[in-house]
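# A closer look at the structure
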Amino acid sequence: MSSLAQFTQQKLQHKSILAMTHVVYGYPTVDESLAWMTRLLEEGVDFIEVQFPFSDPVADGPSIVAACHQALGQELNVDTCLTQLGALAKNFPESRIVLMSYLNPMYRFGLKKLAKRAAEENICGLILPDLPIEAAQEYRQACHDKGIDPIWLVTPATPKERLAMLAKQAEGFLYCVARSGVTGQSCHQNKTPNTELDSYLAEIKQHTNTPLGVGFGLRNKGQIDALLGKAEIAILGSALLDAYNQGGQDAGIKLIKSLFD
Amino acid sequence: MQSNNGFYGQFGGSYIPEILFASQQQILRAFEEAKQDPSFLAELNQQWQEFSGRPTPLTFCANLTEYFGGARIYLKREDLNHSGAHKMNNVIGQGLLVKRMGKKRVIAETGAGQHGIATALVAARLGLECTIYMGAKDIERQYPNVFWMKQLGAEVVPVTTGAQTLRDALDEALRDWSSSHEESHYLIGTSCGCAPFPEMVAFFQSVIGNEVREQSVAQFGKFPDRLYACVGGGSNACGLFLPFVNDKEVAMVGVEAGGKGLALGEHSIRLSHNLGAPGIAQGFATMFLQDDHGQLQETHSIAAGLDYVGVSPIIAHLAETKRIEMTYAMDQDVVNACTLLLKKEGIIPALESSHALAGAFKDAAKLGKDQHIVINLSGRGDKDIFNVAKAVEDDTFPAFLQSYLASYPIREQGE
């Protein structure tokens with residue numbers, strides 16, 4: 001079992017579900033985003049998913065797209081980001097930081113170098129939503145060599161055989177997308193009927209003991225409660241960003257407490 | 001040109017979010033079956049002929065040939081397709097595939113608007129719902145096309161993120177597809193995107209080059225010595241070039257948009273002069289205009305249809321392997337080429353196609369009189385009337401617009 005999965009199992013002895021909060025690095029500024037991450041860690045969130053911005057984030061909805069585009073008004077550097085996250089990871093050993101981005105900035109940085117630097121900075125997981133597992137042989141090897149978990153995504157539209165394959169390959173945790181579409185409140189009407197979330201998660205559970213993280217569209221306590229016993233991690237992205245945009249850090253913390261306390 | 005599992009050398013592939021995997025596989029299977037199904041190919045041919053007006057002619061330009069005093073100049077007249085551009089070839093093909101897959105809605109992105117118009121036309125003919133994403137800046141530049149899309153029953157969604165051009169429209173179309181893939185098909189307009197789109201679009205566009213093979217032999221007894229096409233996404237270039245790819249005696253020249261200058265953000269040159277770099281975005285690997293940190297960059301061209309940050313993986317591969325020569329034309333050269341064709345041959349070219357003209361005109365005088373060159377006139381220039389009027393500094397056009405506007409019954413908001 002990977003250290004990330006072990007961390008999750010240990011934490012679950014005292015909590016019914018873990019919170020993974022999403023932060024866009026560099027939004028609204030680098031310093032502000034680091035201050036927001038520090039506050040989240042001080043408040044005891046279990047995971048922070050840090051998104052390194054990309055100019056063309058195709059799996060994200062309007063809130064995160066706007067934050068990424070604003071963040072890119074500054075020149076952002078992957079290596080500096082990793083160093084800064086490393087300092088946070090060192091100061092808050094009771095939490096874990098995972099890095100999420102799209103392939104091109106990481107490909108440009110170098111995927112082997114990414115795994116090496118992530119390991120050096122105690123970033124224990126990497127999420128690249130536009131890197132399919134079939135095209136990821138070298139990346140996976142680099143991650144394994146450095147003890148980093150590459151996190152894979154599954155969705156309600158993933159065919160059953162592929163779902164089983166991805167679940168069996170899961171390391172750290174499996175990121176289960178709750179519904180079709182992009183993150184957050186999409187401007188696109190979601191006309192696709194959702195696969196029943198319970199049976200979807202139960203189906204995944206048949207193939208893996210790796211913890212399940214559920215994200216995309218989580219906004220209220222009812223949704224989080226509905227995951228208890230069925231998933232290990234609830235991922236809060238756009239809703240947290242929207243709260244932060246409306247009322248700053250305090251509003252974000254208030255939302256987290258209302259969902260997870 | 002068949003891919004190796006979706007790859008052309010180091011370019012191509014399928015780098016899409018997991019949510020799109022099943023839909024991508026469905027398209028892959030449907031295309032593989034359809035292209036070998038005689039009934040599908042027969043229907044495709046029939047629609048090309050009856051709806052779009054194929055085959056398009058190969059027109060000899062006697063006046064231009066005399067003017068340059070070198071190679072004999074021919075134009076492949078894709079501007080004479082219904083909708084006024086080569087876009088129709090691909091849209092009819094994918095439209096029929098959508099019906100075959102049993103889907104009822106198409107999503108498309110458009111830059112200059114030609115692909116949007118073509119998609120809206122075919123959607124109307126085949127009874128499909130249609131949503132078109134278009135950068136807000138492109139909407140301003142190409143409003144007449146937007147008007148027609150709306151009249152055809154399409155929903156036109158302005159994209160206000162990023163630079164508000166084609167690339168942003170493409171991202172937004174991908175997001176829509178992620179949300180609606182079970183009922184919608186993303187009808188990509190150029191030979192870009194995840195596999196099998198580059199191969200599929202090139203397959204449908206290859207009708208251009210296949211016709212040129214027959215027409216050139218019939219009209220001047222051999223294949224052309226040189227082919228010219230503009231390269232934005234690369235669909236018209238793939239269409240002209242690919243049927244000749246194994247005919248080594250035929251040289252091929254792709255012309256990119258040099259825009260206002262070679263500084264980043266002022267042009268759309270991905271392949272010439274090492275200005276692009278290998279990258280993976282928007283579902284595929286190709287040469288992208290990007291900074292040192294892998295962020296895609298803004299682009300510019302006087303022709304909205306060439307204003308794209310990436311390029312077809314097929315064209316990137318052919319350029320890397322030196323099978324095609326890549327060059328570029330600056331905005332001003334493009335306008336000059338456009339007006340020269342107007343005055344010498346009585347043909348109104350699109351600004352996109354005028355890049356190919358500019359590239360060919362640079363070479364024409366240097367080539368021998370026994371050389372035959374074919375320039376792909378990918379679209380007609382009606383849509384560019386406002387931009388060309390501005391570029392040639394026509395004094396009477398603003399006066400016309402003002403007087404027309406004065407007579408236009410503008411309603412108050414909320415009326």
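What you are looking at is a predicted structure, and each value in this text was computed from that prediction instead of being measured. Residue numbering note: each chain is counted from 1, following its sequence as written. Lettering of chains starts at A and numbering of ligands starts at 1, both following the order in which they are written. Where local features are concerned, this predicted model is filtered to residues with pLDDT of at least 70; where side-chain atom pairs are given and counted, the filter is 80 or more; whole-chain, interface and lining totals use all residues. Hydrogens and water molecules were not included; the side-chain quantities draw on all heavy atoms of the structure.

### Quick notes on the overall build of chain B
Of the regular secondary structure elements, chain B holds 16 helices and 14 strands. We take the radius of gyration over the C-alpha atoms and set the globule estimate at 2.2 Å times the residue count to the 0.38 power. In terms of overall dimensions, chain B is globule-like: its C-alpha atoms have a radius of gyration of 20 Å, near the 22 Å expected for 415 residues. With the C-alpha coordinates of chain B rotated into their principal frame, the extents come out at 55 × 55 × 50 Å. We call a residue buried when its accessible area falls under 20% of the maximum for its residue type, exposed when it is over 50%, and partly exposed in between, using a 1.4 Å probe and counting protein chains only. For chain B, the proportion of its 415 residues judged to be buried stands at 67%. Numbered from the N terminus, helices here are DSSP runs of H or I no shorter than four residues, and strands are runs of E no shorter than two.

### Thoughts on helix α9 (residues 197-205) of chain A
All names here are of chain A. Of the positions making up α9, those classed as buried are Y200, L201, E203 and I204. Viewed end-on, α9 has its buried residues packed into an arc of 155°, placing them on one side of the element. Among the structural elements, β6 (153-154), α8 (160-169), β7 (174-177) and β8 (212-215) are those in contact with the buried residues of α9. It is the directions from the helix axis to the C-beta atoms that the arc portrays. Note on definitions: a residue-residue contact is assigned when non-hydrogen atoms from the two residues lie within 4.5 Å.

### Notes on empty space enclosed by the protein
Residues and elements named next belong to chain B. Think of a 1 Å grid over the protein atoms and nothing else: a 1.4 Å probe that fits but is trapped marks a cavity, an open set flanked by protein within 12 Å on at least five of seven lines marks a pocket, and residues with an atom within 4 Å of a point count as lining. Grid points are joined across faces, edges and corners, and a volume is the space filled by probe spheres set on the points. Following the criterion strictly, the structure yields eight cavities of 30 Å³ or more and no others. Volume-wise, the largest cavity comes out at about 320 Å³. Lining the largest cavity we find 29 residues, and of these H86, K87, G305, L306 and E352 sit closest to its centre. When contributions to the lining of the largest cavity are tallied by element, the ones reaching two or more residues are β5 (105-110), α5 (114-126), α8 (166-180), α11 (235-241) and α14 (351-364). As a working rule, the residues Ala, Val, Leu, Ile, Met, Phe, Trp, Tyr, Cys and Pro are called nonpolar, Asp, Glu, Lys and Arg charged, and the rest polar, with Gly in that last group. For the lining of the largest cavity, the class distribution of residues is seven nonpolar, 17 polar and five charged.

### Details of the pattern of salt bridges
We count a salt bridge whenever a side-chain nitrogen from Lys or Arg sits within 4 Å of a carboxyl oxygen from Asp or Glu. Scanning the model with the defined rule gives 35 salt bridges over all chains in all. Between A:E43 and A:K257 there is a salt bridge, and its shortest N-O distance comes to 3.3 Å. On the criterion of sequence distance, the pair formed by A:E43 in the loop between α2 (30-42) and β2 (47-51) and A:K257 in helix α11 (residues 238-260) is long-range, its members being 214 residues apart. A salt bridge links B:D79 to B:R77; the nearest nitrogen and oxygen atoms lie 3.0 Å apart. The pair B:D79 / B:R77 is uniform in exposure class, with both members buried. Members of the salt-bridge network, linked through shared partners, are A:D79, A:K116, A:R117, A:E120 and A:E121.

### Some details on the interface of chain A and chain B
Contact with chain A, which involves 46 residues of that partner, is made by 38 residues of chain B. Buried area is understood as the total, over both parts, of accessible area removed when two parts are fitted together, assessed with a 1.4 Å probe. Where chain A abuts chain B, roughly 3300 Å² becomes buried across the two surfaces, and 54% of that area is made up of carbon and sulfur atoms. The interface formed by chain A and chain B includes three salt bridges. Two residues, A:D56 and B:R167, come together in a salt bridge whose shortest N-O distance is 2.8 Å. Going through the elements one at a time, α3 (62-71), α5 (103-109), β6 and α8 of chain A are the ones with two or more residues in the side of chain A that touches chain B. In terms of residue count, α5(A) provides more of the side of chain A that touches chain B than any other element does, five residues in total. Of the residues that constitute the side of chain A that touches chain B, the class distribution is 24 nonpolar, 13 polar and nine charged.

### Describing the environment of A:A234
Residues and elements named next belong to chain A. Relative to the helices and strands, A234 is located in strand β9 (residues 233-236). Judged by relative accessible area, which is 0%, A234 ranks as buried. On a C-alpha basis, the gap between A234 and Y175 in space is 9.7 Å, while along the polypeptide they are 59 residues apart. Each residue touching A234, except ones within four places of it in the same chain, is listed here: I17, L18, A19, M20, V214, L218, I224, L227 and F260.

### Thoughts on the sheet that holds strand β3 (residues 58-60) of chain B
All names here are of chain B. Taken in spatial order, the six strands of this open sheet run β3-β4-β14-β9-β10-β13, and their pairing is mixed. Edge positions in the open sheet fall to β3 and β13 (325-330), since each of these has one partner strand only. Each neighbouring strand pair of the sheet contributes to a mean axis angle of 30°, computed without reference to strand direction. Bridge analysis of strand β10 (residues 251-259) against β13 gives six bridges, and the strand direction is parallel. Counted as the bridge partner of G254 is M326 from β13. Across the face of the sheet, helix α10 (residues 207-220) comes into contact with β3, β4 (72-77) and β14 (372-377) while running at roughly 140° to β4. A pair of strands counts as paired when DSSP detects no fewer than two bridges linking them. The axes are straight lines fitted to the C-alpha atoms, using for helices just the contacting stretch, and the angles between their N-to-C directions are given from 0 to 180°.

### What about the sheet that holds strand β6 (residues 129-135) of chain B?
Residues and elements named next belong to chain B. Read from one edge to the other, the open sheet built from four strands follows the order β7-β6-β5-β8, with strand pairing classed as parallel. Looking at strand neighbours, the two that pair on one side only are β7 (155-159) and β8 (184-186), the edges of this open sheet. Across the sheet, the mean angle separating the axes of adjacent strands is 20° when strand polarity is ignored. The sheet contacts of α5 involve β5 and β6, and relative to β5 the element is tilted by about 165°.

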